[in-house]
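Working through the structure, step by step
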Amino acid sequence: MDPPDVSPASPVLAHTSVVVIGAGPAGLVVANRLHDSGVDCVLLEADSRESIERRPRAGFMEEWAVRALAEHGLAERILLHADTQGEFEFRFDGERHTVPTAELSGRRHFVYPQPQLVTDLLASYADKGAGDARFGVRDVRLEGIDGDRPVVSYTDPVTGARHHLACDHIAGCDGARGVARASIPDGAVAVSRRDDGVAWLAVLAQAPPSADGVVFGLHERGFGAHMARSPEVTRYYLQVPPGDTTGNWPHERVWQELRVRLAAGGAPPLTEGPLVEKVVLDMHNYVVEPMSYGRLHLAGDSAHLVAPIAAKGMNLAIHDALLLADALIAADKGEDGGAGEDGNRAGAGGLAAYSQACLRRVWQYQEFSQWFSDVLHGASSGDRFRAGTARARLRRLLEPGHDARAFAGLYMGEEGGALTG
Ligand code: FAD
């Protein structure tokens, strides 16, 4: 037999059931579930494995998400190594106010950095399971997504050969700037957007946490936050003007501003350390509806972006991925039945119900994130009316009662997530 021709001019053709684009939390959960269920799939990732295993981002996982991953054998290391948190602190007017979120909601947050989750899921799929993962792929293109045999093509980074993968379905899990959403024809789906009109400087400090849990500092100079990531690393946020750049925030200015915005009587001083990552994030949000177009199904940030105000993005990505995997497995086995009554188990509702099943939670979390953004940024808005209403909301959720319980329930994440019933 002749060896395959891998010259750039000669495409390499192959077939698989599902092409998963993007090896973030969403793509890796889909790929693991498909592979475990015997559904043939190929995972394409534009970046290198080393790079995605180091990319720092999220840190909080909701309890239902950990439980749902555990049901599929994907949370072993989380359950072994993650700390859990059940309260956080607001600091304003020089005072400290603890919100006992676990006591109010009955649920905890797991502190597990996203790079560790990605590393675990990759090890499970590509190493333990010997799943097909291709890294560093270039120029990914999607064709025929409105037909019944779409094709995903890419250029091999080493040989320069153009590969074409014909498939039954595509899982578009390539994040906010990927190619999947951009391949949907204009006007075929609705994209709703909201810009919070603020930006955050996100920094990772090589320094132990300065408090047990999360601290939100509400200050007229701008919001500031502290979040433990590990015994050695702490994430901090500072609200900055939209369009600001990291160059305006040298080491000393960051720490000076954090000391001011997180100050309160009796609070221990911040433990400072080198800033190992600095990035300015515009707080904007979008939702794509529906999340499927033809044979392309979006999951995670490619379908919806939630500003990291309430730590929801990775949790939503996992929720989508579990539902999408269920629906793809059912479709592969020819069990893709009618829509589920409660819209919660896509396995029962199939691919046709996938988008609707995800969007209910997506909009819940978008609404909460927007509400929380108003609370966190009211004091610094320069608008006395906004500052006054934000303060009134804050007071309400600090008093025992319905508002505090409702807030804690949404902050810790909705119960009844994918597959947990
Ligand atoms: P991604 O993680 O973005 O993964 C997409 C993957 O697709 C990437 O690996 C990318 O390289 C790849 N890709 C892109 N284009 C292509 C292409 N053309 N071909 C092939 N591959 C491609 N969420 C929380 O729930 N809790 C938190 O505490 C939290 N904190 C955050 C803090 C920060 C600073 C930031 C920025 C985000 C935070 N988030 C948080 C949000 C969370 O990180 C995202 O929602 C999550 O990464 C979404 O996962 P995903 O798999 O959809 O997309």
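The rules behind each value
- Residues numbered from 1 in each chain as written.
- Predicted model: local features only at pLDDT ≥ 70, side-chain atom pairs only at ≥ 80, totals over all residues.
- Heavy atoms only, no water.
- Helix = DSSP H or I, 4+ residues; strand = E, 2+ residues; numbered from the N terminus.
- Rg over C-alpha atoms; globule rule 2.2 N^0.38 Å.
- Buried < 20%, exposed > 50% of the residue type's maximum accessible area, 1.4 Å probe, protein only.
- Contact = heavy atoms within 4.5 Å.
- Areas by Shrake-Rupley, 256 points an atom, 1.4 Å probe, with all protein chains shown as cover.
- Lys, Arg positive; Asp, Glu negative; His and termini not counted.
- Charge placed at Lys NZ, Arg CZ, Asp CG, Glu CD.
- Pairing = 2+ DSSP bridges.
- Axes fitted to C-alpha atoms, helices over the stretch in contact; angles between N-to-C directions.
- Expected span 1.5 Å × (residues − 1).
- Domains from an automatic or database assignment.
- Buried area = accessible area lost by both parts, 1.4 Å probe.
- Nonpolar A, V, L, I, M, F, W, Y, C, P; charged D, E, K, R; others polar.
- Near = heavy atom within 4 Å.
- Polar contact = N/O pair within 3.5 Å; in protein donor to acceptor, adjacent residues only side chain to side chain.

1. Quick look at the overall build of the protein chain
Helix and strand counts for the protein chain come out as eleven helices and 21 strands. The C-alpha radius of gyration of the protein chain comes to 22 Å, within 12% of the 22 Å expected for a compact globule of 421 residues. C-alpha atoms of the protein chain, sized along the principal axes, occupy 75 × 50 × 45 Å. A burial count over the protein chain gives 53% of its 421 residues as buried. Long-range contacts, defined here as pairs at least 24 residues apart, represent 71% of the contacts in the protein chain between residues at least 6 apart. In the structure as shown, the protein chain presents an accessible area of about 17600 Å², 50% of it carried by carbon and sulfur atoms. A distance of 5 Å separates the average location of the 41 positive side-chain charges in the protein chain from that of its 56 negative side-chain charges.

2. Description of the sheet that holds strand S20 (residues 296–298)
Strand order in the open sheet formed by six strands is S9-S3-S2-S13-S20-S19, and the pairing between neighbours is mixed. Single-partner strands in this sheet number two, and they are strand S9 (132–134) and strand S19 (292–293). Two strands pair when backbone bridges link them, and strand S3 (residues 41–44) and S9 are joined in this way by three bridges, in the parallel orientation. If you follow Val 42 over to S9, its bridge partner there is Asp 132. The sheet strands contacting helix H8 (residues 313–332) are strand S2 (18–21), strand S13 (169–172) and S20, and the helix crosses S13 at an angle near 175°.

3. Re H8
Because each turn of an α-helix spans 3.6 residues, side chains separated by three or four positions end up pointing in the same direction. Here H8 is 20 residues long and its end C-alpha atoms lie 28 Å apart, about the 28 Å a rise of 1.5 Å per residue gives. In terms of residue burial, H8 counts as a mostly covered element, since 18 of its 20 residues are buried. Positive backbone phi, approximately 70°, marks Gly 334, located one or two places after H8.

4. Examining the domain arrangement of the protein chain
Per the domain assignment, the segments making up the protein chain are domain 1 (12–77 + 114–191 + 285–365) and domain 2 (86–104 + 197–284 + 382–402). In this structure, domain 1 and domain 2 have C-alpha centres spaced 32 Å apart. Listed per partner, the contact involves ten residues of domain 1 and twelve residues of domain 2. For the pair domain 1 and domain 2, the summed buried surface comes to about 900 Å²; carbon and sulfur atoms form 65% of the total. Taken together, the residues of the side of domain 1 that touches domain 2 break down into seven nonpolar, two polar and one charged.

5. Observations concerning the site of the ligand
For the ligand, the set of nearby residues contains 34 residues, the closest of which are Ala 26, Glu 45, Gln 114, Asp 301 and Met 314. At 3.2 Å from an oxygen atom of the ligand is found a main-chain nitrogen or oxygen belonging to Pro 25. Met 314 is positioned with one of its backbone polar atoms (N or O) 2.8 Å from an oxygen atom of the ligand. When residues of the shell around the ligand are traced back to their parent elements, those giving at least two are helix H1 (25–36), strand S17 (234–240) and H8. Of the residues contributing to the shell around the ligand, the split by class is 18 nonpolar, nine polar and seven charged. The residues that make up the shell around the ligand include at least three from each of domain 1 (12–77 + 114–191 + 285–365) and domain 2 (86–104 + 197–284 + 382–402).

6. Describing the pairing of strand S6 (residues 88–92)
Burial analysis of S6 places five of its five residues in the buried class, which makes it a mostly covered element. Where S6 meets strand S7 (residues 95–99), five bridges bridge the pair, whose relative direction is antiparallel. Across the sheet, Phe 92 pairs through a bridge with Glu 95, a residue of S7.

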